[in-house]
Amino acid sequence: MRFYNRISELAELRRIQNLSFTDHSRLTVVTGRRRIGKTSLIMKSVENQPTVYLFVGRKSETTLCAEFIPVINQSLDAFVPAEIRTFRSLFQYLMELASHRSFNLVIDEFQEFYNINESVYSDMQNIWDTYRMKSKMNLIVSGSIYSLMQKIFQNNKEPLFGRADNIIKLSAFDLMTLKEIMRDYNPGYTNDDLLAFYSFTGGVPKYVELLCDNTALNVEGMISFMVRENSPFTDEGKNLLVEEFGKNYATYFSILSAVSGGLNTQSEIEAALGDKSLGGQIKRLIEDYNIIVRQRPILSKVGSQTVRYEIQDNFIRFWFNYFDRYRSLIEIKNFIGLQNIIKSDYPTYSGVMLEKYFKQQFAESLQYRAIGSWWEAKGNQNEIDIVALKLEKNQAIAVEVKRQKKNFKPELLFAKVEHLKNKLLPKYQIETVCLSLQDM
């Protein structure tokens, strides 16, 4: 698959590279979940420039240095003493070299030094502080374990806190890019195909690439490819998250499984898990791991107790809904059975994802100052799928989302909007609309 989008991120990385080469060394951190395309982006930004790429595998420090030395020799046509055995010495050598010539140094899976030799970070801090202003290195580090990368660079007790000149958090492809990819790989796609593509991949480049390179981008083809023997998706959710959560992953998995199944309040989740107190774990899933989000009715105060939890990553939500929940089918290799469950459930599941799609579409239009849902704390008879406040003063839109427009009952939405106006937005002009598959 060709390289798509990332225009602003590429421009920023090249701007920083230019400053590093002409002024003094800069340190850029690129973070984001696994499969989001960090390495592809970084290597695209440094192509045709002198670059050392070092991948930190989980090996001994001595072994890593032995592997890195020939890479540096070849990349920079420079002699590195073979007796170097520590990353401290190797990094100091590179910083000294950058005092005489400019080049990019890319360190991938940077968080792995925690498992190899944690003192690498304080060693790097001392060397970086010594050489930064008198050298011309464009140092880019990236890592996939979000919680550790946060800790390394944003915890004020860590040695590299405050050393990053830029932190770029890479997100999934936007809707415009997904449509462009669809046009390239399935020119006759339907909006249902686009919705499935969005629902299954969430715009994560690696999943997008796998589907583009291996199957027709239609609902049936995507489900058949994802759900089969030896599918790369079968264990993907577990592989993504076990390293983040560590040995306590079972509790976090149970919470995510409950949320994906529609239990979206803390009391519901705790009841489903045997009335355990889970406030601490839920907070970590939000703040440390960036996997679930708190949803409050639009314009609610930050401290409002009217809260719902939602998995914000489309693929993780899909994986817990089907691959995790129906693990017994996978274990007996009944992939046809699981395919049939997903296909029969798809109209309901995709209806929920369609609401999320339109919220993202509204956000990407840059025409609104607040976008959310609205519901009352007690009961949901007055729930509105999407309420968006326009940039123009006292202008809003209230949206009912239906897969098929024929199922829309305008009088019900009008009644809910009247209640919303009286309760929350008395001075607003509120446009009411139904959005369906045909509006994607």
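Computed from a predicted model, the values in this text were never measured in an experiment. (Residues numbered from 1 in each chain as written. Predicted model: local features only at pLDDT ≥ 70, side-chain atom pairs only at ≥ 80, totals over all residues. Heavy atoms only, no water.)

### Structural notes on the sheet that holds strand E2 (residues 51-55)
Here is step 1 of the chain: One open sheet holds the five strands; their spatial order is E2-E3-E4-E1-E5, and the pairing between them is parallel. With one partner strand each, in any of the chains shown, E2 and strand E5 (166-169) form the two edges of the open sheet. Here the strands of the sheet are splayed against their neighbours by 15° on average, with no regard to which way each runs.
Here is step 2 of the chain: The pairing of strand E1 (residues 26-31) with strand E4 (residues 137-143) spans six bridges and is parallel. Bridging from a neighbouring strand, valine 30 pairs with serine 142 of E4.
Here is step 3 of the chain: Each of E1, E2, strand E3 (103-108) and E4 touches helix H2 (residues 38-45); the most contacted strand, E4, lies at about 165° to it.
Here is step 4 of the chain: Each of E2, E3 and E4 is contacted by helix H4 (residues 87-97), which is oriented at about 155° to E3, the strand it contacts most. (Pairing = 2+ DSSP bridges. Helix = DSSP H or I, 4+ residues; strand = E, 2+ residues; numbered from the N terminus. Axes fitted to C-alpha atoms, helices over the stretch in contact; angles between N-to-C directions. Contact = heavy atoms within 4.5 Å.)

### Here we look at empty space enclosed by the protein
To find leftover empty space, one rolls a probe the size of a water molecule over the atoms.
Here is step 1 of the chain: This model, assessed by the stated rule, comprises one cavity of 30 Å³ or more.
Here is step 2 of the chain: The space that makes up the largest cavity amounts to roughly 40 Å³.
Here is step 3 of the chain: Around the largest cavity sit Leu27, Phe91, Phe110, Met124, Trp128, Leu139, Val141, Phe153 and Leu160, which together line it.
Here is step 4 of the chain: Those elements that provide at least two residues to the lining of the largest cavity are helix H6 (120-131) and E4.
Here is step 5 of the chain: Residue composition of the lining of the largest cavity, by class: nine nonpolar, no polar and no charged. (1 Å grid on protein atoms, 1.4 Å probe; cavity = no way out; pocket = protein on both sides within 12 Å on 5 of 7 lines; lining within 4 Å. Points joined across faces, edges and corners; volume = space filled by probe spheres on them. Nonpolar A, V, L, I, M, F, W, Y, C, P; charged D, E, K, R; others polar.)

### Digging into the layout of surface pockets
Here is step 1 of the chain: Roughly 460 Å³ of volume is contained in the second largest pocket.
Here is step 2 of the chain: Taken together, 21 residues make up the lining of the second largest pocket; nearest its centre are Arg35, Ile36, Gly37, Lys38 and Ser40.
Here is step 3 of the chain: Elements represented by at least two residues in the lining of the second largest pocket include exactly H2 and helix H10 (205-214).
Here is step 4 of the chain: Counting residues per element, the lining of the second largest pocket draws most heavily on H2, which supplies four residues.
Here is step 5 of the chain: Its residues assigned to classes, the lining of the second largest pocket comprises eight nonpolar, four polar and nine charged.

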